[in-house]
Amino acid sequence: MQVRIRLHQLYAQLQAPQLFAGKKILVLAPHPDDEVFGCGGALIKHVQAGHEIQVVYLTSGEQGIAGKMPTETIEIREREAQNALEIMGIPAKNAFFFRGPDGALHDKMAEMLQKTQQVLQNFQPDLIYLPSFLDRHADHFTANRLLQAALVKNVQVAAYEIWTPHIPNRLIDISRQIAIKQKAMQAYASQLAQLDYEAALLGLNRYRGGMYTNPEVVYAEAYMYLRSDVYFAEMPASY
Ligand SMILES: [Zn+2]
């Protein structure tokens, strides 16, 4: 029997655990920066707890620097990603760059699927972070379609928010990690030059922390934390 939830009721189930269960953590980042902007605080906590993290960058964001050639942009953004991971304490060998087409990820679905399945099979993660299917970006939605197609068994997913605030059922307090998260954000200088993501995402994290009833929580990340089949049952059919 398929279990269904109602997205608008998630907030009624709001809890704020120290961190999600899981020691083998996979992160799907459609672009270099999503892993920091969306779930960097939680990832720093996983590192501090000694958990293993692997990060898949589905694209290298080659459309993401105005006026620069894609080849040069790929080089810049992958270097920024390596620096951001180092700041968070994630080894460079745990990063995978799939180099799918930025802005048109769905055009390379078969190739992305095969590569994602390979990582899942090799790593066997017990928790997967990905952008929420409500996030208003086509590649972020495609990342959801991709994971849904790649999974052969249920796993816990923690969907993060970047472009579109969602209705969360979990908050992770990142008040003690925010300084490192901010430093990791600053590693993405090419992106901060396009838009003031640093102020925007710090603001979102401050809002999430500030609206929680515990005054000791200052900064927080908000997640839709669900078993994969329950989560994907709510996904819209198309972007
Ligand atoms: Zn993105």
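Presented here is a report on the structure given in the accompanying data block.

Calculation rules
Residues numbered from 1 in each chain as written. Predicted model: local features only at pLDDT ≥ 70, side-chain atom pairs only at ≥ 80, totals over all residues. Helix = DSSP H or I, 4+ residues; strand = E, 2+ residues; numbered from the N terminus. Contact = placed C-beta atoms within 7 Å. Core = buried A, V, L, I, M, F, W, Y, C linked by C-beta atoms within 7 Å. Buried ≥ 20, exposed ≤ 12 C-beta atoms within 10 Å, placed from the backbone. Pairing = 2+ DSSP bridges. Axes fitted to C-alpha atoms, helices over the stretch in contact; angles between N-to-C directions. Right-handed = clockwise from strand over helix to strand, strands pointing away. Parallel < 35°, antiparallel > 145°, perpendicular 65-115°, else oblique. Left-handed = near helix turned anticlockwise from the far one by under 90°. Nonpolar A, V, L, I, M, F, W, Y, C, P; charged D, E, K, R; others polar. Expected span 1.5 Å × (residues − 1). Arc of directions from axis to C-beta.

Moving on: the overall build of the chain. Looking only at helices and strands, the chain has 8 helices and 7 strands in total. Counting only C-alpha atoms and orienting by the principal axes, one finds that the chain spans roughly 45 × 40 × 30 Å. Here the contacts in the chain between residues at least 6 apart in sequence split such that 81% fall between residues at least 24 apart.

Let us now look at the nonpolar core. Of all hydrophobic cores here, the largest spans 55 residues; its most connected members are Val-27, Leu-28, Val-55, Tyr-129 and Ala-158. When residues no more than four places from it in sequence are discounted, the contact partners of Tyr-129 are Ile-25, Val-27, Leu-28, Cys-39, Ala-158 and Tyr-160.

As a further point, take the environment of Ala-16. With respect to the helices and strands, the residue Ala-16 is situated in the segment before strand S1 (24-29). Sequence separation between Ala-16 and Leu-171 is 155 residues, and the spatial gap between their C-alpha atoms is 4.7 Å. Setting aside chain neighbours within four positions, we find Ala-16 in contact with Leu-171, Asp-173, Tyr-212 and Val-217.

All right, on to the sheet that holds S1 then. Pairing is mixed across the open sheet formed by 7 strands, whose spatial order is S3-S2-S1-S4-S5-S7-S6. Whereas interior strands pair on both sides, the edge strands pair on one side only; in this sheet they are strand S3 (95-100) and strand S6 (170-173). Neighbour-to-neighbour, the strand axes of this sheet turn through a mean angle of 25 degrees, independent of strand direction. Note: S1 against strand S2 (residues 52-59), 6 bridges, orientation parallel. If you follow Leu-26 over to S2, its bridge partner there is Gln-54.

Right, let's talk about the pairing of S2 for a bit. Within a regular strand, side chains alternate between the sheet's two faces. A large share of S2 lies buried, amounting to 6 of its 8 residues. For the handedness criterion, the β-α-β arrangement of S1, helix H1 (residues 34-48) and S2 is classed as right-handed. Relative to S3, S2 runs parallel, the two sharing 4 bridges. Within the sheet, the bridge partner assigned to Val-55 lies in S3 and is Ala-95. What joins S2 to S3 is helix H2 (residues 70-88), and the crossover it makes is right-handed.

Following the sequence through the fold, Thr-164 ends up in the loop between strand S5 (156-160) and S6. Note on Thr-164: 13 C-beta atoms within 10 Å, which makes it partly exposed. It is 17 Å that separates the C-alpha atoms of Thr-164 and Gly-103, two residues lying 61 residues apart in sequence. Once you skip the residues sitting within four places of it in the chain, Thr-164 turns out to touch Leu-134, Asp-135 and Arg-136.

The next point concerns the environment of His-8. Among the secondary structure elements, His-8 is positioned in the segment before S1. Its 8 C-beta neighbours within 10 Å are what place His-8 among the exposed residues. A C-alpha to C-alpha distance of 6.6 Å links His-8 and Ile-167, two positions 159 residues apart in sequence.

Two elements in contact, helix H5 (residues 178-186) and helix H7 (residues 197-210), have axes separated by 10 Å at closest approach and are oriented at 155 degrees. Taken as axis vectors, H5 and H7 run roughly antiparallel relative to one another. At the point where H5 passes H7, the crossing takes the right-handed sense. Touching Ile-178, Gln-182, Met-185 and Gln-186 of H5 are Tyr-197, Glu-198, Leu-201, Leu-202 and Asn-205, all from H7. Of the residues belonging to the contact of H5 with H7, the class tally is 5 nonpolar, 3 polar and 1 charged.

Turning next to H7. Helix length check: H7, at 14 residues, gives a terminal C-alpha distance of 19 Å against a target of 20 Å (1.5 Å per residue), a fit within 8%. Along H7, the residues classified as buried are Leu-201, Asn-205, Arg-208 and Gly-209. End-on view of H7: buried residues confined to an arc of 100 degrees, all on one side of the axis. Opposite the packed face of H7, turned more than 90 degrees from it, sit the exposed residues Ala-199, Gly-203 and Gly-210. Buried positions along H7 lie against H1, S6, H5 and strand S7 (220-227).

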